[in-house]
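Take a look at the letters that make up each chain.
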Amino acid sequence: MEAPAGKPDGSTDRYDRQIRLWGEAGQRRLEAAAVCVVTASATGTETLKNLVLPGIGAFTLVDGTTVTARDYGANFFLTPDAAPVGAPKAAAAVTALGELNAAAVGTARTEELASLLNGDGEGGPALDNADGDAAAASFVSAFTVVVATQMGEGHPALRRLARACWTTGVPLVVARAYGLYGLVRVVASPEATVLDARDGSADDGMDLRVAAPWPELSALAAATDLDALDDTAFAHVPAVVLLLKALASWAEAEGGGGVPPTAAGRAAFKKRLAGLRRPSVRDADNFDEAARPAHIRAAADPAAGVPSLVVEAVLAHPRADPARDERPAVGGGGPHPRPPLRGRAGTPPSGDTSAALYDGWASGADALAADAASFWLHAAALREFVAANDGRLPLAGALPDMTSDTASYVALQTVYSDRARADAEQVAAAAAALAPRRPVAAARRRPPSAVRGRSVDAGWGSNTTQPVLPAWDEASVKAFCRHAAAVRVLRYRSLDDEWCTAARGGPDGAAVTDGGSPAARIEGGFPLAAYTSAGYTGTVGGVFAGGDSGERFGSPDGACDTGAAAAAAVAAASPALPSGLPAFYEANAGDGASPSAVSIYVLLRAADRFYGQHGRYPGEDVYGGLDGVDVDGDAGLMRDLAAGVRAEVGLPPAAVDDGDVVEVVRAAAAELHPVAALVGGLAAQEVMKLVTKQFVPVNNTVVINLMTGTTESFEA
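Thresholds, definitions, all that
- Residues numbered from 1 in each chain as written.
- Predicted model: local features only at pLDDT ≥ 70, side-chain atom pairs only at ≥ 80, totals over all residues.
- Heavy atoms only, no water.
- Helix = DSSP H or I, 4+ residues; strand = E, 2+ residues; numbered from the N terminus.
- Buried < 20%, exposed > 50% of the residue type's maximum accessible area, 1.4 Å probe, protein only.
- Contact = heavy atoms within 4.5 Å.
- Areas by Shrake-Rupley, 256 points an atom, 1.4 Å probe, with all protein chains shown as cover.
- Arc of directions from axis to C-beta.
- 1 Å grid on protein atoms, 1.4 Å probe; cavity = no way out; pocket = protein on both sides within 12 Å on 5 of 7 lines; lining within 4 Å.
- Points joined across faces, edges and corners; volume = space filled by probe spheres on them.
- Nonpolar A, V, L, I, M, F, W, Y, C, P; charged D, E, K, R; others polar.
- Salt bridge = Lys/Arg side-chain N within 4 Å of Asp/Glu carboxyl O.
- Pairing = 2+ DSSP bridges.
- Core = buried A, V, L, I, M, F, W, Y, C linked by side-chain atoms within 4.5 Å.
- Axes fitted to C-alpha atoms, helices over the stretch in contact; angles between N-to-C directions.

S.K.: Looking at this structure, I do not really get the overall build of the protein. What am I missing?
M.R.: Per the secondary structure count, the protein includes 27 helices and ten strands. Burial analysis of the protein (716 residues in total) assigns 53% to the buried set. Long-range contacts, defined as pairs at least 24 residues apart, comprise 75% of the intrachain contacts of the protein with a sequence gap of at least 6. Carbon and sulfur atoms make up 55% of the accessible area of the protein, which amounts to about 29100 Å² in all.

Printed below as a string of structure tokens:
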């Protein structure tokens, strides 16, 4: 039963505080999302805790291990009473997490991740099995975001998970707690879009356009005769009108020129504004508001409404090109399709509860594809608007509170809202014209609701037959226009970019060839470039450079098996994104000191290589303890391994701090719950950014150092 109009429903009451942060649209996105977290570690359960409490729609926890006595001291969500030794760890953790919020539907998968990715119930490698590739794609496609916790670089299941996420477009977050250090890595394939960066660029009421007024705004200001007003009315003239009056006076005195956007120009304009005051009006709050620094800057900003560089990056994106046609090629000669999704092994529970998931789309991957199509449709329509309107964005239309009488404020607000409505209608008309050329490469599992917009309804038939058109309606266009100055797109590096030498190339991202290695193989019908940021042309789902040899990439142990043919395929496309580590190091290293984030990053990768060689992490014995371990010997081995990692990513020897080496060995890969709580909280925060499309997700790595109490981020 729907709540009566005007009265908040139970969900709104429960989530009132967070709705004030990301709005009802953000909450709806959160409740329609399904997240998968791999391992019921302390980091994994803490990540889920921070997603269950705000109301994630559904969550799946994957862990094939059972509870041990050691878990009681490392994970607060596992207790002897509720989770006896030998119980499936995932099931016990899901039960405990479900008590936090009954609205979040939890599912425990007690199989090993490798088995789920293989789709055959066996944990062995399936990289040479096309059905295994399809099973991996099918598993991750059920989710909106996947989070892998406590899994390192050498874990073959993580490699396969990352590749499946990359090729299906499902974002991946990798989170790890290691002693007093932590790391969170975000991978969006190959980009993340943001509807509202919430960084101050589109604050309500700051898009005043007083330096570039439209005719109706100029007419309103001209109709206000300050000399004819009594003192009471004079004290209630809106600040925007006062600014326009001062600008008109400035233009008349300066021969039509605007206020110079310099400190001296703004100071001179502020003095001219003050010259409009009346000595008889002592409490002129409206003049004080007009003289605020933000308003003075707005008056001296002839580029008001012009897209910033980051918005220009959105408008210049290939998918924002109004001429782009995304309809499938006739005869199937188009780009590689996404891998077939056979038997959605990862789909959360079906039924009434899950019907609200994915906003009516058939899977998480389908919902993501549809959401991306909608975003880029709006962006293409916005680009047409900017081109037709003197290079300016649509007016946001919101006004800040200001000293004014009711009639004057309403009149001013009407001028702004009318212009914003007209701009949005122009963008909506462009979206309507562009939508038929941009069908969504996704399927719906139930008819859309009326509020989803006429474009979706127009493409909906009695079944899921394509095409389904991207979603847009007056409400979505209005919201997009209101935050047009805060839209963002972030392009990411894949984990293969970061970890595989031939895919990444050198530190500058150039492809590397190795004629002695086996011929490149292609996994799931995709060329090597499909697993990297190289060759990207605008969409997920195979629109990457590469050939159609049918060979497969990857080795059964998850190693980076690349050769000349693969390198040539990558080199033929645009180069992969380079690592940002060398530049970050150079910008932050002072007096020969190494930025702690770089040192920790290198050492965590070295620790994974140590594990690959010795079957244990540095500082621990095969039983997980410290007895009998040659700590100094492990530290020496770690220095050698770190030197190899450092050289691969293009860092100087000073980039690794010896104190960090000792601490990594001393930590013995321990997962401390307080550290896991912080890492899990940061990981959940990134998930919520990706889901709500609000705030800017990290690009791409955050390193936590609780020895110094600092966090640093960079592009690894």
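We are not done yet, so read on.
S.K.: Explanation requested: helix α23 (residues 581-588) in the structure shown.
M.R.: Taken residue by residue, α23 has Leu581, Phe584 and Tyr585 as its buried positions. With its buried residues spanning 100° around the axis, α23 presents them on a single face. Set apart from the buried face of α23 by more than 90 degrees, the exposed residues are Ala583, Glu586 and Ala587. If you follow the buried residues of α23, they end up packed against α24 (596-614) and β10 (710-714).

S.K.: Would you mind showing me how to read empty space enclosed by the protein here?
M.R.: The method is simple in principle: a probe with the dimensions of a water molecule rolls over the atoms, and the space it marks as empty is what remains. For the structure on display, the rule yields three cavities of 30 Å³ or more. Reported here for the largest cavity is a volume of approximately 180 Å³. Lining the largest cavity are 16 residues; nearest its centre among them are Arg176, Leu183, Trp499, Arg605 and Asp608. If you list the elements that add at least two residues to the lining of the largest cavity, you get β5 (172-178), β6 (181-187), α20 (495-499) and α24. A per-element tally of the lining of the largest cavity places α24 first, with four residues. Looking at the lining of the largest cavity residue by residue, the class counts come to eight nonpolar, two polar and six charged.

S.K.: I would appreciate a short explanation of the pattern of salt bridges in the present structure.
M.R.: Opposite charge on two side chains lets them pair, provided their charged atoms get close. One pass over the full model with this rule turns up 27 salt bridges. Here arginine 29 and aspartate 371 are joined by a salt bridge, their closest N and O atoms 3.0 Å apart. Placement of the pair is arginine 29 in helix α2 (residues 16-31) and aspartate 371 in helix α16 (residues 364-388), with a sequence separation of 342 residues. On the accessibility criterion, arginine 29 (25% relative accessible area) is partly exposed. Between lysine 693 and aspartate 371 there is a salt bridge, with the nearest N and O atoms lying 3.8 Å from each other. A residue pair is termed long-range when its members are at least 10 positions apart, and lysine 693 in the loop between α27 (673-692) and β9 (701-705) and aspartate 371 in helix α16 qualify at 322 residues.

S.K.: Please explain the environment of leucine 117 as it appears in this structure.
M.R.: Considering the arrangement of structural elements, one finds leucine 117 in helix α6 (residues 113-118). The exposure class of leucine 117 is buried, given its relative accessible area of 0%. Sequence separation between leucine 117 and alanine 157 is 40 residues, and the spatial gap between their C-alpha atoms is 7.9 Å.

S.K.: How should the pairing of strand β4 (residues 145-149) be read in this particular structure?
M.R.: A regular strand places its side chains on the two faces of the sheet in alternate fashion. Most of β4 is tucked away, with five of its five residues classed as buried. What you see with β4 is no split at all: Val145, Val147 and Thr149 on one side and Val146 and Ala148 on the other are buried throughout. Sheet topology places β4 next to β5; four bridges connect them, and they run parallel. Counterpart to valine 146 in the pairing with β5 is leucine 172.

S.K.: So what exactly am I meant to see when it comes to the nonpolar core here?
M.R.: If you look at soluble globular proteins, the nonpolar side chains tend to sit buried side by side. In terms of nonpolar packing, the biggest core is built from 51 residues, with Val35, Ile56, Phe59, Leu61 and Val173 touching the most fellow members. Once residues within four sequence positions are removed from consideration, isoleucine 56 is found in contact with Leu30, Ala33, Val35, Leu51, Ala103 and Ala104. Judged by nonpolar contacts, the second largest core, of 40 residues, contains Ala142, Ala162, Trp166 and Ala365.

S.K.: What is the right way to read the sheet that holds β10 from this model?
M.R.: Each strand in a sheet pairs with its neighbour through backbone hydrogen bonds, running either in the same direction (parallel) or in the opposite one (antiparallel). Pairing within the open sheet is mixed, and its eight strands lie in the order β3-β2-β1-β4-β5-β6-β9-β10. What marks the edges here is a single partner per strand, and that holds for β3 (105-109) and β10. On average, each strand axis in the sheet is inclined to that of its neighbour by 15°, with strand direction left out of account. Judged from the four bridges that link them, strand β1 (residues 34-38) and β4 form a sheet pairing that is parallel. When the sheet's bridge partners are listed, cysteine 36 is paired in β4 with valine 146. Against the sheet, helix α5 (residues 89-98) makes contact with β2 (58-62) and β3, and its axis sits at roughly 170° relative to β3, the strand it touches most.

S.K.: What am I meant to see in unusual backbone geometry here?
M.R.: As a rule of thumb, non-glycine residues mostly have phi less than zero, and peptide bonds are mostly trans rather than cis. For the bond running from serine 189 to proline 190, omega is -20°, close enough to zero to count as cis. Position of proline 190 relative to the elements: it lies in the loop between β6 and β7 (191-194). In this structure, asparagine 700 follows asparagine 699 across a cis peptide bond, with omega equal to 5°. Looking at the element boundaries, asparagine 700 is found in the loop between α27 and β9. If you check the backbone angles, threonine 39 has positive phi at about 85° while not being a glycine.

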